[in-house]
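# Results of the structural survey
Each chain, written out:
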Amino acid sequence: MLERQYNDSAYEIAETASQYLNPDKFEKYLATGEQDEEYRQIEKRLDDLVDATNTTLIYVAKVDTSDYRTLTYIYDAVNSASGFERYPLGYTAIGVDEKYVNNVRNIITKGERATEYLYSYSEESGAHTTAGIAIYDSRGKIVAILGVEKAMRRLEN
């Protein structure tokens, strides 16, 4: 029950964050690596949201559909108290654990909410939940995934 509440909260944050974005510019940002004024304003709003909601991180990334594990980051807002470093625009890494590949595939191909709570534990961030939603451009095409990682402190305690 508590896991569900944490996860629902992470999804509410994800929906809020998605309203800040301009997905029609994602390809341009990734192609040029240039951050315009709008990019910087959106990044600042995501940074403020991550701190205001005591979320560990909020990221927006293009998913490599050849493996559904490799992410190319468009935005990576990191809680200022977390000690984590932000991934820069265009940074590419295997960011999806093998056990979540099907969830990511369903988000990217069908726009579905992840079917599991995505509860996990890591040495770096402790117990946490992750919400993942599809980001659509103005033509209705899924162009990225938005992820929210929220610490589950009460559950951990």
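Nothing here was measured: the structure is a model prediction, and the numbers come from that model.

### Considering the layout of surface pockets
Within this model, the second largest pocket holds a volume of roughly 270 Å³. Of all elements in the fold, only α2 (26-32), β1 (57-63) and β6 (142-151) reach the threshold of two or more residues within the lining of the second largest pocket.

### Here's the deal with the packing of aromatic side chains
In total, this model carries seven aromatic pairs according to the counting rule given. Measuring from ring centre to ring centre gives 4.9 Å for Tyr 29 and Tyr 39, while their planes differ by 75°; the resulting arrangement is edge-to-face. Taken as a pair, Tyr 29 in helix α2 and Tyr 39 in helix α3 (residues 37-52) lie far apart in primary sequence, ten residues in all. Taken individually, Tyr 29 and Tyr 39 each receive the classification buried, so the pair is uniform in this respect. Judged by centre distance (6.3 Å) and plane angle (40°), the ring pair of Tyr 73 and Tyr 91 falls under tilted. Here the residue Tyr 73 occupies a position in strand β2 (residues 70-78), and Tyr 91 occupies one in the loop between β2 and β3 (92-94), the gap between them amounting to 18 residues. Members of the aromatic cluster, each reached through a chain of ring pairs, are Phe 26, Tyr 29, Tyr 39 and Tyr 75. Over the face of the ring belonging to Tyr 20 we find Arg 45, whose NZ or CZ atom lies 3.9 Å from the ring centre.

### Some thoughts on the nonpolar core
In this structure, Leu 21, Phe 26, Leu 46, Ile 58, Tyr 75, Ile 145 and Leu 146 are the most contacted members of the largest nonpolar core, which totals 44 residues. Of all elements in the fold, only α1 (2-18), α2, α3, β1, β2, α4 (101-110), β5 (126-136) and β6 reach the threshold of two or more residues within this core. Among all residues touching Leu 146, those that are not within four sequence positions of it are Ala 14, Ala 17, Ser 18, Leu 21, Ile 58, Tyr 59, Val 60, Ala 131, Gly 132, Ile 133 and Ile 135.

Rules used in this analysis
The residue numbers shown here count from 1 along each chain, following its written sequence. With pLDDT at 70 or above as the cut-off, local features in this predicted model cover only qualifying residues; side-chain atom pairs require 80 or more to be listed or tallied, and sums for whole chains, interfaces and linings still use all residues. Heavy atoms from the whole structure form the basis of all side-chain values; hydrogens and water molecules are not counted. In the cavity and pocket records, a cavity denotes points on a 1 Å grid over the protein atoms alone where a 1.4 Å probe fits but cannot get out, a pocket denotes an open set with protein on both sides within 12 Å along at least 5 of 7 lines, and lining residues are residues with an atom within 4 Å of a point. Grid points are joined across faces, edges and corners, and a volume is the space filled by probe spheres set on the points. Secondary structure elements are defined from DSSP: runs of H or I of at least 4 residues count as helices, runs of E of at least 2 residues count as strands, and each element is numbered from the N terminus. Working definition: rings of Phe, Tyr and Trp (its six-membered ring) pair if their centres are within 6.5 Å, and the pair is stacked with planes under 30 degrees apart, edge-to-face with planes over 60 apart, and tilted otherwise. Residue burial is assigned from relative accessible area. The probe radius is 1.4 Å, only protein chains are included, and a residue is buried under 20% of its type maximum, exposed over 50%, and partly exposed in between. Only Lys NZ and Arg CZ are tested; either one counts as a charge over a ring when it is within 6 Å of the ring centre and within 35 degrees of the ring normal. Definition of nonpolar core: a set of buried residues of the types Ala, Val, Leu, Ile, Met, Phe, Trp, Tyr and Cys, connected through side-chain atoms within 4.5 Å. Note on definitions: a residue-residue contact is assigned when non-hydrogen atoms from the two residues lie within 4.5 Å.

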